[in-house]
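Summary of structural features
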Amino acid sequence: MLSVDDALSRVLSAVRPVLAERVPLVDAYDRVLAEAIVSPRNVPPWDNSAMDGFAVVASDLAELPVALPVLETIPAGAVPTLTVTAGACSRIMTGAPMPSGADAVVMIEHTDGGDPVTFAVTSSGGATPGQNVRPCGGDVAQGDTVLEPGRVLDPAAVGLISSLGFPSVLVAQRPRVAILSTGDEVVEPGWPAHAGQIYSSNTLTLMGLVKRAGAEPIHCGIAPDDPEGLRAALSRCLRADLVVTTGGVSMGDFDHVKDFFQSHGALEFWKVAMKPGKPLAFGSFGGVPCFGLPGNPVSCMVNFYQFVRPVIRKTLGDPRPHLPVVEARLEGRIGKKKGRAELARVTLRLEDGGFVATPVSRQSSGVLTSMAECDGLSLVPADSGAVEGGRIRVQVLDPRFLDGATANYGWPDHAPKVDHGC
Ligand code: AMP
Ligand code: MG
């Protein structure tokens, strides 16, 4: 059976990057940048005042108090018309360009605000050259590369691009991900569920997971447990860049998905040494890469996080396609046998500056409430037995726990090694 790391390497090596598209900045949040942003201008474009106050020649304020005549008032958005010479000053507002001749700004609170204006004696003294002056290009210099391709556009990055005057930006297109549930027993909510039938959860969890990963989910309904019905349903998925099915990949009499990939496309691998989620199938049909995820709701989600999400993020050009991993103190026990990596659902809390991970009480792969309850997944390696106490690595699912200072990224072979002591 493939290890999680080997399976991950194989799915990631199948990734083909998507094309780029230009979007207005207002639609760019959380998208992945597909171009380098090089500044065509200095920001700020000229020396300007950081305070409401008076633009002065600093050496005029060597002795305090001192009174100086006011040449003009310079509001933000205006251009100064007069040069400030020794023995005079101009009233200036925050963001207004500095008048020539002046080399410092004294905040209005340190004056009487009049004309002539008297500069008071303050604990900080008079003025030093450059005081309260924001220099031309002090934020961004013309020609600077401010953002590199692959950058995930958070609000600060979008604001930065906006400050350079660009109204739009080139980002990776969202890959389209077809989501197909399988199973004669599975019914969409809103329809009657007959005896023996259950309502689907996987379709909706996958739609959300795909969307959160930055791709466009396509709801492709539910395929029956027969090869012909499966072929018809999968054929309707081929307009997508990636197909994700759930159910029908185990050993049951009516599990046709992996056989279908094998006989109508290609089956790259089946089964990964992990719990939950062992019967993962990866292959292709009609030239489109396909993940066959297990039907059990927890296995389905756990597999998505391990394999589908990194593929989507890499497709988008994200240089960090993996979920963050933190080290945590295990409170309690994770029972396991050697041979399969254990992705137990744990809650996380911060205590004394470190993470504490507590396994949720029900760990069955059919118990979706365990996914709703947990904050992360334990990454207990395949060669480990049961663990109790000590330190473990936890893949963080709840973004509230993300902390750049403590998080590494990825599975052991994709991230800096951390001694997890198990
Ligand atoms: P399978 O992988 O097809 O053997 O399904 C394993 C378990 O997952 C069975 O109990 C199914 O009823 C359940 N299951 C399959 N598909 C879904 C779905 N879309 N939503 C919720 N449970 C499902
Ligand atoms: Mg099934």
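Residues numbered from 1 in each chain as written. Chains lettered and ligands numbered in written order. Predicted model: local features only at pLDDT ≥ 70, side-chain atom pairs only at ≥ 80, totals over all residues. Heavy atoms only, no water.

Topic: the site of ligand 1
Lining the immediate surroundings of ligand 1 are 14 residues, of which Glu185, Ser200, Ser201, Gly248 and Gly295 lie closest. Note that a nitrogen atom of ligand 1 is positioned 2.9 Å from one of the backbone N or O atoms of Ser201. Protein contacts shield 78% of the accessible area of ligand 1, which totals 490 Å² for the unbound molecule. Taken together, the residues of the shell around ligand 1 sort by class into three nonpolar, ten polar and one charged. (Near = heavy atom within 4 Å. Polar contact = N/O pair within 3.5 Å; in protein donor to acceptor, adjacent residues only side chain to side chain. Areas by Shrake-Rupley, 256 points an atom, 1.4 Å probe, with all protein chains shown as cover. Nonpolar A, V, L, I, M, F, W, Y, C, P; charged D, E, K, R; others polar.)

Brief notes about the domain arrangement of the protein
Examined at the domain level, the protein breaks down into domain 1 (4–18 + 174–315), domain 2 (20–43 + 139–172), domain 3 (48–134) and domain 4 (324–409). In this structure, domain 3 and domain 4 have C-alpha centres spaced 59 Å apart. (Domains from an automatic or database assignment.)

Some words on the pattern of salt bridges
Throughout the structure, instances matching the rule amount to 13 salt bridges. One salt bridge in this structure joins Glu35 and Arg22, with 3.7 Å as the shortest N-O distance. One end of the pair, Glu35, is in the loop between β1 (20–24) and β2 (37–38); the other, Arg22, is in strand β1, with 13 residues separating them in the sequence. On the accessibility criterion, Arg22 (47% relative accessible area) is partly exposed. With a closest N to O distance of 3.1 Å, Asp318 and Arg313 form a salt bridge. Residue classification places Arg313 among the buried residues on the basis of a relative accessible area of 6%. Here the salt bridges share partners, and the residues they tie into one network are Arg329, Glu331, Arg349 and Glu351. (Salt bridge = Lys/Arg side-chain N within 4 Å of Asp/Glu carboxyl O. Helix = DSSP H or I, 4+ residues; strand = E, 2+ residues; numbered from the N terminus. Buried < 20%, exposed > 50% of the residue type's maximum accessible area, 1.4 Å probe, protein only.)

Topic: the sheet that holds strand β7 (residues 89–92)
Sheet strands pair via backbone hydrogen bonds, and the direction of the pair is either parallel or antiparallel. If you walk across this open sheet you meet the four strands as β6-β7-β4-β8, and the pairing is mixed. Two strands close off the open sheet at either side, each with one partner strand: β6 (70–74) and β8 (104–107). The sheet shows a mean angle of 30 degrees between the axes of neighbouring strands, direction not considered. Taken together, the three bridges between strand β4 (residues 53–56) and β7 define a ladder with antiparallel strand orientation. Residue pairing for β7: Phe54 is matched across the bridge by Arg91. (Pairing = 2+ DSSP bridges. Axes fitted to C-alpha atoms, helices over the stretch in contact; angles between N-to-C directions.)

Examining the sheet that holds strand β17 (residues 242–246)
Across the sheet, six strands lie side by side as β16-β13-β17-β21-β20-β18; this open sheet has mixed pairing. Each having just a single partner strand, β16 (216–223) and β18 (266–270) make up the two edges of the open sheet. The mean angle between the axes of side-by-side strands here comes to 20 degrees, regardless of whether they run parallel or antiparallel. Pairing analysis gives five bridges linking strand β13 (residues 176–182) to β17, with the strands arranged parallel. Note that in β17 the partner of Val177 across the bridge is Leu242.

Here's the deal with helix α4 (residues 227–235)
Of the residues making up α4, those classed as buried are Gly229, Leu230, Ala233 and Leu234. All buried residues of α4 project into a common sector of 130 degrees when viewed along the axis, lining one side. On its buried side, α4 packs onto β13, β16, β17, α5 (257–264) and β20 (281–285). (Arc of directions from axis to C-beta. Contact = heavy atoms within 4.5 Å.)

Remarks on the confidence of the model for the protein
On average, residues of the protein carry a pLDDT of 94, and 95% of them reach 70 or more. The model gives residues 413–422 a pLDDT under 50, and that stretch makes 27 contacts with residues more than four places away or in other chains. (pLDDT = per-residue confidence, 0-100.)

Overview of the pairing of strand β21 (residues 288–293)
With five of its six residues buried, β21 lies for the most part within the structure. Strand direction decides the pairing type here: β17 and β21, joined by four bridges, are parallel. Paired with Thr245 across the two strands is Gly292, which belongs to β21. Pairing analysis gives five bridges linking β20 to β21, with the strands arranged antiparallel. Bridge pairing in β21 links Ala281 to Gly292. Turn length for the β20-β21 hairpin, with the two strands adjacent in sequence and antiparallel, is two residues, and the turn residue Gly286 shows positive phi of about 60 degrees.

So, the packing of aromatic side chains
Overall, the coordinates contain five aromatic pairs when judged by the stated rule. Ring plane angle 80 degrees and centroid distance 6.0 Å describe the contact between Phe54 and Phe119, whose orientation is recorded as edge-to-face. Taken together, the residues Phe54 in strand β4 and Phe119 in strand β9 (residues 117–119) connect sequence positions 65 residues apart. The exposure class assigned to Phe54 is buried, which follows from its relative accessible area of 0%. Seen from their ring centres, Phe260 and Phe285 are 4.9 Å apart, and the 70 degrees between their planes marks the pair as edge-to-face. With a gap of 25 residues between them, Phe260 in helix α5 and Phe285 in strand β20 connect regions that are remote in the sequence. Neither residue differs from the other here; Phe260 and Phe285 are each classed as buried. Connected via pairs of aromatic rings, a cluster forms that spans Phe269, Phe282 and Phe291. Looking at Lys258, its charged tip hangs above the ring of Trp270, at a distance of 4.3 Å from the centre. (Phe/Tyr/Trp six-rings, centres within 6.5 Å; stacked < 30°, edge-to-face > 60°. Lys NZ or Arg CZ within 6 Å of the ring centre and 35° of its normal.)

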